[in-house]
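Structural characterization, general
Each chain is listed here by its residues.
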Amino acid sequence: QDEYINYKFTKNIDTKITISNTTIDSCIFEKIDFTNIDINNTDLIDVIFDNCDLSNKNFDNKLINRVVFKNCKMLGVSFINSSLKDIEIDNCTSKYLNLSNARINNTIIKESNLSDATFMETDIKNLILDKVDLTNTEFIKTNLKDIDFSNSNITNTIFDLNSLKGIIIDRFQSQNLVGMLGV
């Protein structure tokens, strides 16, 4: 098993490689396209992804701790049943993100596109949303009490009634939610 500790990666690779059964710790990935890199059974701790393409990568059942995703393409990334703590997602395209059964703690998502994402039975503590596109995103059986959606786009966002309780919205967004309440 290879160790990935205290490295800065800046060169893309042309051949397929697999990173598996390890932890990536205290690494920086800059302008890396992960198309040729399979990541299996790998935890991420103190990692920065800057201008990377992580599309369709699977981080299911993993520990993701103190990780920054900045200016990344993350289409279809899966974090099913993962633990995400102290995470920052900044200016990322994260359409079709799957956070079902994930545990999210101390996370900020800002100026990112999370349209068509799935939050199903997601356990959330201390989530900050800042100018996030949540168009067509689903929140099912997810406690969102006290989460501020007021400067995010929730057009066609789906909330079940339990998830909707206690969210913070502005008066214009209430029009998007009235139909879900049967009014």
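So, here's what we can say about the structure.

Rules and cut-offs
- Residues numbered from 1 in each chain as written.
- Predicted model: local features only at pLDDT ≥ 70, side-chain atom pairs only at ≥ 80, totals over all residues.
- Heavy atoms only, no water.
- Phe/Tyr/Trp six-rings, centres within 6.5 Å; stacked < 30°, edge-to-face > 60°.
- Helix = DSSP H or I, 4+ residues; strand = E, 2+ residues; numbered from the N terminus.
- Buried < 20%, exposed > 50% of the residue type's maximum accessible area, 1.4 Å probe, protein only.
- Contact = heavy atoms within 4.5 Å.
- Core = buried A, V, L, I, M, F, W, Y, C linked by side-chain atoms within 4.5 Å.
- Pairing = 2+ DSSP bridges.

**Topic: the packing of aromatic side chains**
Applying the stated criterion across every chain, the model contains 13 aromatic pairs. With centroids separated by 5.7 Å and ring planes inclined at 85°, the aromatic side chains of Phe139 and Phe149 adopt a geometry described as edge-to-face. Here Phe139 is found in strand E11 (residues 138-140), whereas its partner Phe149 is found in the loop between E11 and strand E12 (158-159), with ten residues between them in sequence. On the accessibility criterion, Phe139 (2% relative accessible area) is buried. Relative accessible area serves as the criterion here: at 0%, Phe149 is assigned to the buried category. On the basis of an interplanar angle of 85° and a centroid distance of 5.6 Å, the ring pair of Phe149 and Phe159 is categorised as edge-to-face. Of the two residues, Phe149 sits in the loop between E11 and E12 while Phe159 sits in strand E12, which places them ten residues apart along the sequence. When its relative accessible area of 5% is taken as the criterion, Phe159 is described as buried.

**Things to note about the environment of Ile89**
One can find Ile89 in strand E7 (residues 83-90). Looking at Ile89, the relative accessible area reads 5%, which means it is buried. Residues Ile89 and Tyr4, 85 residues apart in the sequence, show an inter-C-alpha distance of 22 Å. Other than its neighbours up to four places away in sequence, Ile89 contacts Phe69, Ser94, Ile108, Ile109, Lys110 and Ser112.

**Some details on the nonpolar core**
Among the nonpolar cores identified, the biggest contains 48 residues, and Phe49, Phe69, Phe79 and Phe149 are the most heavily contacted of them. Elements with a contribution of two residues or more to this core: strand E3 (17-25), strand E5 (37-50), strand E6 (63-70), E7, strand E8 (103-110) and strand E10 (123-130). Among the elements that line this core, the one with the most residues is E5, at five residues. If we skip the residues at most four places from it in the chain, Phe49 touches Phe29, Phe34, Leu44, Leu54, Val67, Val68, Phe69, Lys70 and Cys72.

**Quick word on the pairing of E6**
As a general feature of sheets, a regular strand has side chains that alternate between the two faces. Pairing between E5 and E6: six bridges, direction parallel. Across the sheet, the residue bridging to Ile45 is Asn65, located in E6. Sheet topology places E6 next to E7; seven bridges connect them, and they run parallel. Of the residues in E7, the one forming a bridge with Val67 is Ile87.

In short, geometric facts, not functional conclusions.
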